[in-house]
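Architecture at a glance
Each chain, written out:
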Amino acid sequence: MKSHRSPLLRGFLACAAVLLVIGVADAALHDVLAQNPFGAPKSAQPAEPEAGGLIGWLLAKQSEFYRQMSSTIRAAKSDGSAVWTLLFISFAYGIFHAAGPGHGKAVIASYLVANRETARRGIALSFASALMQSMVAILIVGISAWILNATARTMCKAEGAIEIASYGLIALFGLRLVWVKGLTFIRALQAAQPVPAMAGVPHDHHAHSHHQDTHDHQHHDHGHAHHGHDHVHDEHCGHSHGPTPSELAGPGGWQRGFAAILTVGIRPCSGAILVLVFALAQGLFWAGIAATLLMGLGTAITVAAIAVVAVSAKDVAARLSGARDGGGALFMRGLEFGAAALVLLFGAGLLLGYIAAERTTCF
Amino acid sequence: MRALFGYLLVAAMMLVSGAASAHPHVWITASSELLYAEDGSITGVRHAWTFDDMFSAYAVQGLESKTKGAYTREELVPLAQTNVESLKEYAYFTFAKADGKKERFQEPVDYFLDYKDAVLTLHFTLALKNPVKPKQLVLEVFDRSFFIDFQMAKDNPVKLVGAPSGCQMKLERPSDGTATAQKLNEQTFTDGPNANFGMMFANKITVDCP
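Residues numbered from 1 in each chain as written. Chains lettered and ligands numbered in written order. Predicted model: local features only at pLDDT ≥ 70, side-chain atom pairs only at ≥ 80, totals over all residues. Heavy atoms only, no water.

Observations regarding the overall build of chain A
Applied cut-off: Helix and strand assignments follow DSSP, with helices taken as H or I runs no shorter than four residues and strands as E runs no shorter than two, numbered in order from the N terminus. Burial classification: accessible surface area is computed with a 1.4 Å probe over protein chains only, and a residue below 20% of its type maximum counts as buried, one above 50% as exposed, and the rest as partly exposed. Only heavy atoms enter the contact rule, under which two residues are in contact if any of them lie within 4.5 Å. Note on areas: these come from Shrake-Rupley sampling with a 1.4 Å probe, and a residue is covered only by the protein chains present in the view.
Secondary structure assignment for chain A yields 13 helices and 0 strands. Out of the 363 residues belonging to chain A, those deemed buried represent 55%. Taking as baseline every contact in chain A between residues at least 6 positions apart, the subset at least 24 positions apart corresponds to 80%. Here chain A has roughly 15300 Å² of accessible surface; of this, 70% comes from carbon and sulfur atoms.

So this is what it looks like as structure tokens:
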């Protein structure tokens, strides 16, 4: 299955890689630059030129569902069955709304590609981060508005702080990925130059001894010591053999995943906060909570679908490029590095964009 | 081939994700008055912006009021203050051009909030830094980030107060995407670097005077 690829196929792969990089760079740059399309200081989130077609339809659907929410919550005060409508609308809104770097869809997809994760883990990560996002929104409104009866202004400041923190986390997370993947990529480059590196002696040695270490340490102390080893292990074995399922499911997997969940999930969606406060004002806070959770479920489904697409696309590419050969491995490591860089770009873009934007909620 | 397809899909998804992040969370129904001096020059704009019920509930959250669920103009003074202060950063979402030349506004005056039927209306007056007497005035109201969706009111969206006779007002609403998008292309072409993408959601008021 893996040995000889026709030049044509390799050509296609190269094109695909270029397209991916362009698409990805465009999306990232879009977020960095569109904050400031014409040097004006006050632009906010990117406004898209081509609002027709699919994007226009998505926008229209989102707005439609979102706008129905307030009237449905109002109706639920007197008519209990309206709650079901509310839940359905929230769910649908979540599905359509699960977009935008703030919601971490692109971050999750890039993370999965960079870290050679499985589709199953992609789905789990999507659901966990969406659930966390909902919980953060509920907690913010629950504590500040319901318990403390804080004003919108105070809530907004809290939101703003969390937002900055979350963008910073994405950038940091991206930085770490870039560091790890960059090293791996450089090693792959070095390995590819003299010999089309097949499994070399040092690699075998390192990988296995570290595995041993990991297990030994794990029984006594966990967390940090273990994490450190996992890290080293990752760098060393990265360049010459592809991921095996045991590596992915291995210890430390959930810790790595937790960083992704936290990074993406800590930022609440402004829509959810507005719905919660509105529900609270109507004396139906529980309906707001239910709506927020359903929104989260809808979001999770869309993000999970994208995660699966990203992972499968990468798997197909890995198979076609013969990831175990020198060139193919190099290609895949480069791809992973690119995905890591994308996470960093998203973080930096959001962080820089924040300074000029997002205040609108506070107004 | 499948890889290519997959990548295209991923790339497309990411592009979409970047784009769709811009969707409104706040809806404003606006009505505006253009203010004229006696000599027929335009001195400023008076806006009345009614927020949607969801945002209104959010904005009054935690505010103290004598009567539960009702807020007097006095009780809303601090909020109105915050509003106009925050609006400054966004140039009050109001962009004027007199015979093609950009005009600037002073800080808002006479601002206050009304709370009626569970929605807030923000009133404020923007005076032009320099009153103008152009043949054509173009006033646009929009949020280029599209976080706020501006719609001009159904009835009496624009009033000309004290305008010289013979002035003609025309309002273009950002109805559906396609028509405006085409117009946008032309405009982008003609306006060069001043063109702006968020414009497609703009409410464009044009006043031609003889």
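A look at the layout of surface pockets
The cut-off we apply is this: Think of a 1 Å grid over the protein atoms and nothing else: a 1.4 Å probe that fits but is trapped marks a cavity, an open set flanked by protein within 12 Å on at least five of seven lines marks a pocket, and residues with an atom within 4 Å of a point count as lining. Grid points are joined across faces, edges and corners, and a volume is the space filled by probe spheres set on the points. When residue character is reported, Ala, Val, Leu, Ile, Met, Phe, Trp, Tyr, Cys and Pro are called nonpolar, Asp, Glu, Lys and Arg charged, and the others, Gly included, polar.
Approximately 570 Å³ is the volume attributed to the second largest pocket. Ala281 of chain A together with Val60, Lys68, Gly69 and Tyr71 of chain B are, among the 22 residues lining the second largest pocket, the residues nearest its centre. Those elements giving two or more residues to the lining of the second largest pocket turn out to be α2 (53-78) and α11 (270-281) of chain A together with α2 (53-60) of chain B. Counted by class, the lining of the second largest pocket contains 10 nonpolar, 7 polar and 5 charged residues.

What to know about α11 of chain A
Residue and element names in this part refer to chain A. The condition is simple: Multiplying 1.5 Å by the helix residue count minus one yields the expected span of that helix.
With 12 residues, α11 should cover 16 Å at 1.5 Å per step; its first-to-last C-alpha distance of 17 Å lies within 8% of that length. By the criterion of burial, α11 is predominantly enclosed, with 11 of the 12 residues buried. Every buried residue belonging to α11 is among Ser270, Gly271, Ala272, Ile273, Leu274, Val275, Leu276, Val277, Phe278, Ala279 and Leu280, and all of these are buried. Looking one or two places after α11, you find glycine 283, whose phi comes out positive at around 75 degrees.

Section: a nonpolar patch on the surface
Residues and elements named next belong to chain A. Where we set the bar: Residues enter a patch when their relative accessible area is above 30% and they make no salt bridge; the linking distance is 9 Å between like charges and 5 Å between nonpolar side chains (Val, Leu, Ile, Met, Phe, Trp, Tyr). Only one rule defines a salt bridge in this text: a Lys or Arg side-chain nitrogen within 4 Å of an Asp or Glu carboxyl oxygen.
A cluster of nonpolar residues, Ile95, Ile123, Phe127, Leu297 and Ile301, forms a patch on the protein surface that exposes about 350 Å² of accessible area. The residue isoleucine 301 is located in helix α12 (residues 285-321) in this model. Judged by relative accessible area, isoleucine 301 falls into the partly exposed class, the value being 36%.

Brief notes about the nonpolar core
Quick reminder of the rule: Put simply, a nonpolar core is a bunch of buried Ala, Val, Leu, Ile, Met, Phe, Trp, Tyr and Cys residues held in one set by side-chain atoms that sit within 4.5 Å of each other.
With 86 residues, the main nonpolar core has Met69 of chain A together with Trp49, Tyr58 and Leu120 of chain B as its most contacted residues. A per-element tally of this core places α11 of chain A first, with 9 residues. Those residues in contact with leucine 120 of chain B that lie beyond four places of it in its chain are Trp49, Thr50, Phe51, Ser56, Ala59, Val60, Leu76, Leu79, Leu113, Asp114 and Tyr115 of chain B.

Focus: the packing of aromatic side chains
Residue and element names in this part refer to chain B. Defined as follows: Here is the rule: rings of Phe, Tyr and Trp (six-membered ring for Trp) pair when centre to centre is within 6.5 Å. Planes less than 30 degrees apart are stacked, more than 60 are edge-to-face, and the remainder are tilted. Put simply, a charge is over a ring when the Lys NZ or the Arg CZ is close to the ring centre, within 6 Å, and near the line of the ring normal, within 35 degrees.
Scanning all chains against the criterion turns up 16 aromatic pairs over all chains. Aromatic ring contacts, followed pair by pair, group Trp49, Tyr90, Tyr92, Phe93, Phe124 and Phe150 into a single cluster. In this structure, arginine 73 packs its charged tip against the face of phenylalanine 112, placed 3.9 Å from the ring centre.

Here we look at the pattern of salt bridges
One pass over the full model with this rule turns up 7 salt bridges over all chains. Shared partners join several salt bridges into a network, and the residues in it are Lys314, Arg333 and Glu336 of chain A.

What to know about the environment of alanine 59 of chain B
Secondary-structure assignment places alanine 59 of chain B in helix α2. Under the relative-accessibility criterion, alanine 59 of chain B is labelled buried at 6%. With residues up to four places along the chain from it excluded, the contact list for alanine 59 of chain B reads Ala152 of chain A together with Leu79 and Leu120 of chain B.

Details of the packing of helix α3 (residues 82-97) of chain A against α12 of chain A
All names here are of chain A. Inclusion rule: Convention adopted: a line fitted to C-alpha atoms gives each axis, helices being fitted over their contacting stretch, and angles between N-to-C directions are expressed from 0 to 180 degrees. Each crossing is labelled by how the near helix is turned from the far one, with a counterclockwise turn of less than a right angle marking it left-handed and a clockwise turn marking it right-handed.
Two elements in contact, α3 and α12, have axes whose closest approach is 6 Å; the angle formed by their N-to-C orientations is 35 degrees. Regarding α3 and α12, the two cross each other, and that crossing is right-handed. On α12, the residues that touch Val83, Leu86, Leu87, Ser90, Phe91, Tyr93, Gly94 and Ile95 of α3 are Trp286, Ala287, Ala290, Ala291, Leu294, Met295, Leu297, Gly298, Thr299, Ile301 and Thr302. Each residue belonging to the contact of α3 with α12 can be placed in one class, and the counts come to 14 nonpolar, 5 polar and no charged.

So, the confidence of the model for chain A
Residues and elements named next belong to chain A. Put simply, the rule reads: Confidence scores here are pLDDT values: one per residue, from the predictor, ranging 0 to 100.
Averaged over every residue, the pLDDT of chain A is 69; the share at 70 or more is 61%. Mean pLDDT across the elements of chain A bottoms out in helix α8 (residues 224-237) (38) and peaks in helix α5 (residues 119-147) (89). In this model residues 354-360 is a low-confidence stretch, pLDDT under 50, and it forms 26 contacts with partners more than four residues away in sequence or in other chains.

Focus on the sheet that holds strand β3 (residues 94-98) of chain B
The strands that make up a sheet are held in pairs by hydrogen bonds between backbone atoms, and each pair lies either parallel or antiparallel. Residue and element names in this part refer to chain B. As a reminder of what qualifies: Pairing between two strands is assigned when DSSP locates at least 2 bridges connecting them.
If you trace the 5 strands from one edge of the open sheet to the other, you get β4-β3-β7-β11-β10, paired in antiparallel fashion. Each having just a single partner strand, β4 (101-103) and β10 (168-172) make up the two edges of the open sheet. The sheet shows a mean angle of 20 degrees between the axes of neighbouring strands, direction not considered. Bridge count between β10 and strand β11 (residues 203-208): 5 bridges; the pairing is antiparallel. From the neighbouring strand, methionine 169 faces β11, where its bridge partner is valine 207.

Examining the packing of α5 of chain A against α11 of chain A
All names here are of chain A. Applicable threshold: Any angle between 65 and 115 degrees counts as roughly perpendicular, while under 35 counts as roughly parallel, over 145 as roughly antiparallel, and the rest as oblique.
Axis separation between α5 and α11 bottoms out at 9 Å; the angle between their running directions is 40 degrees. Relative to α11, the element α5 is oriented oblique. As α5 runs across α11, the sense of the crossing is right-handed. Between α5, through Ala137, Ile138, Ile140, Val141, Ala145 and Trp146, and α11, the contact on the second element is made entirely by Ala272, Ile273, Leu276, Val277 and Leu280. Of the residues contributing to the contact of α5 with α11, the split by class is 11 nonpolar, no polar and no charged.

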